[in-house]
Amino acid sequence: MNNSDKKALKLVFTIVEHGKSESIFELLEENNIKFHFLCQGMGTAPSNFRQMLGLDDSSKDIVAFVSELEKANNLIEKISESYHQSGILFSINLSSVGGINAFNILKGDLA
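Throughout what follows, the structure given in this document is the object of discussion. (Residues numbered from 1 in each chain as written. Predicted model: local features only at pLDDT ≥ 70, side-chain atom pairs only at ≥ 80, totals over all residues. Heavy atoms only, no water.)

Examining the packing of aromatic side chains
Inference 1: Here the structure, examined in full by the defined rule, presents two aromatic pairs.
Inference 2: For the pair Phe 35 and Phe 37, a centre-to-centre distance of 6.3 Å together with 75 degrees between the ring planes defines the contact as edge-to-face.
Inference 3: Judged by relative accessible area, Phe 37 falls into the partly exposed class, the value being 36%. (Phe/Tyr/Trp six-rings, centres within 6.5 Å; stacked < 30°, edge-to-face > 60°. Buried < 20%, exposed > 50% of the residue type's maximum accessible area, 1.4 Å probe, protein only.)

Right, here's the structure in full:
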């Protein structure tokens with residue numbers, strides 16, 4: 001790993017059924033991820049399609065967090081194993097952050 005990888009950040013999003021994000025937050029807490037948040041979302045599939053699949057509720061939990069690259073990749077693997085074929089997970093490599101203080105806050109160095 002080179003020096004730029006050690007400082008690289010990744011923004012990760014997970015989308016799961018409403019009420020099923022608790023284990024993601026537990027995993028983030030266990031791994032000392034300080035910057036994360038939850039948004040409520042609504043699925044876009046038509047109701048007749050949801051009924052055909054046996055899905056009554058279209059409410060979703062959207063969890064987003066920022067972490068250093070290596071830790072983020074490990075968390076992505078753990079979340080993928082826990083929510084195998086029952087959610088959406090994607091990430092974005094952050095190529096720049098506006099200022100060293102913002103960078104430190106995002107990676108969890110709040111001091």
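What follows continues from the structure just given.
Things to note about a nonpolar patch on the surface
Inference 1: A cluster of nonpolar side chains, namely Ile 88, Phe 90 and Ile 92, defines an oily patch on the protein surface of about 260 Å² accessible area.
Inference 2: Of note, Ile 92 is situated in strand E4 (residues 88-94). (Patch = residues over 30% accessible without salt bridge, like charges linked within 9 Å, V, L, I, M, F, W, Y side chains within 5 Å. Areas by Shrake-Rupley, 256 points an atom, 1.4 Å probe, with all protein chains shown as cover. Salt bridge = Lys/Arg side-chain N within 4 Å of Asp/Glu carboxyl O. Helix = DSSP H or I, 4+ residues; strand = E, 2+ residues; numbered from the N terminus.)

Some remarks on the environment of Leu 38
Inference 1: By secondary structure assignment, the location of Leu 38 is in strand E2 (residues 36-42).
Inference 2: Relative accessible area serves as the criterion here: at 39%, Leu 38 is assigned to the partly exposed category.
Inference 3: Taking the C-alpha atoms as reference points, Leu 38 and Ile 15, 23 residues apart in sequence, are found 9.8 Å from one another.
Inference 4: Discounting chain neighbours no more than four positions away, the residues touching Leu 38 are Ser 21, Phe 25, Asp 61, Ile 62 and Val 63. (Contact = heavy atoms within 4.5 Å.)

Looking at the sheet that holds E4
Sheet strands line up and pair through hydrogen bonds in the backbone, either parallel or antiparallel.
Inference 1: Pairing is antiparallel in the open sheet, where four strands are placed in the order E2-E3-E1-E4. Looking along the sheet, the strands with just one partner apiece sit at the ends: E2 and E4. If you compare each strand with its neighbour and ignore which way they point, the axes differ by 20 degrees on average.
Inference 2: As paired elements, strand E1 (residues 9-17) and E4 share seven bridges and run antiparallel to each other. From the neighbouring strand, Ile 15 faces E4, where its bridge partner is Ile 88.
Inference 3: Most of the contacts of helix H2 (residues 22-30) go to E2, to which it runs at about 165 degrees, and overall it touches E1, E2 and strand E3 (59-68). (Pairing = 2+ DSSP bridges. Axes fitted to C-alpha atoms, helices over the stretch in contact; angles between N-to-C directions.)

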